[in-house]
Amino acid sequence: MMPAVIDAGPRLTAGQSPVLRQAVAAMATVHEEVVIRLDRVEVYDVAGLGLLLWLHRTARREGARLVVRDAPAPLLAAFRCRGLDRVLVLDDTGAMPWARPAS
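So, here is what we can say about the structure in this document. All values reported here derive from a predicted model rather than from experimental measurement.

What counts and how
As a convention, each chain's residues are numbered from 1 in the sequence order in which they are written. The predicted origin of the model limits local features to residues at a pLDDT of at least 70 and limits the giving and counting of side-chain atom pairs to 80 or more, whereas totals for whole chains, interfaces and linings rest on all residues. With hydrogens and water stripped out, all remaining heavy atoms of the structure feed into the side-chain values. Strand pairing follows a simple DSSP-based rule, namely that at least 2 bridges must link the two strands. Helix numbering and strand numbering both begin at the N terminus, where a helix is a DSSP run of H or I of at least 4 residues and a strand a DSSP run of E of at least 2. Only C-alpha atoms enter the line fits that serve as axes; for helices the fit covers just the stretch in contact. Angles between N-to-C directions range over 0 to 180 degrees. What makes two residues a contact is simply this: any of their non-hydrogen atoms within 4.5 Å. Any angle that falls under 35 degrees is termed roughly parallel, while one over 145 is termed roughly antiparallel, one within 65 to 115 roughly perpendicular, and all others oblique. When residues are grouped by polarity, Ala, Val, Leu, Ile, Met, Phe, Trp, Tyr, Cys and Pro land in nonpolar, Asp, Glu, Lys and Arg in charged, and all others, Gly among them, in polar.

### Notes on the sheet that holds strand β5 (residues 65–69)
Backbone-to-backbone hydrogen bonds pair the strands of a sheet. The strands run either parallel or antiparallel. The strand order β1-β3-β5-β6 describes an open sheet built from 4 strands, whose pairing is parallel. Here the strands that pair on one side only, and so sit at the sheet edges, are β1 (4–7) and β6 (89–91). The mean angle between the axes of side-by-side strands here comes to 25 degrees, regardless of whether they run parallel or antiparallel. Note: β5 against β6, 3 bridges, orientation parallel. Counted as the bridge partner of Val68 is Leu90 from β6. Strands β3 (33–37) and β5 of the sheet are contacted by helix α2 (residues 46–61), whose axis makes an angle of about 145 degrees with β5.

Laid out in structure tokens, this is it:
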């Protein structure tokens, strides 16, 4: 079965939380793998990083695997700084350089 793919869009912040939570929760019940694409993320905040952990746990609880794909380099650095790179499944083969923390 093909993985479900979700495009996080240009913002990974608290404002996107309800939509992404609902999408991952629904897709994880039918797919073995849910991919969240972060290549268009331009702005993120700490709530967005926490959201990724929540999505990861939700997918696991439903028997699926969440894969974080194509996170921009600054976001990958934030993952490493906070140890999220040891928790999340990262596929950064196409990472883009332009995301910045929300101010």
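Having put the structure on the table, let's press on.
### Overview of the packing of α2 against helix α3 (residues 73–82)
Look at α2 against α3: their axes get within 12 Å of each other, and the N-to-C directions meet at 70 degrees. With respect to their mutual orientation, α2 and α3 come out roughly perpendicular. Where α2 approaches α3, its residues Val46, Leu49 and Leu52 are matched on the opposing element by Leu75, Ala78, Phe79 and Arg82. Of the residues assigned to the contact of α2 with α3, the class counts are 6 nonpolar, no polar and 1 charged.

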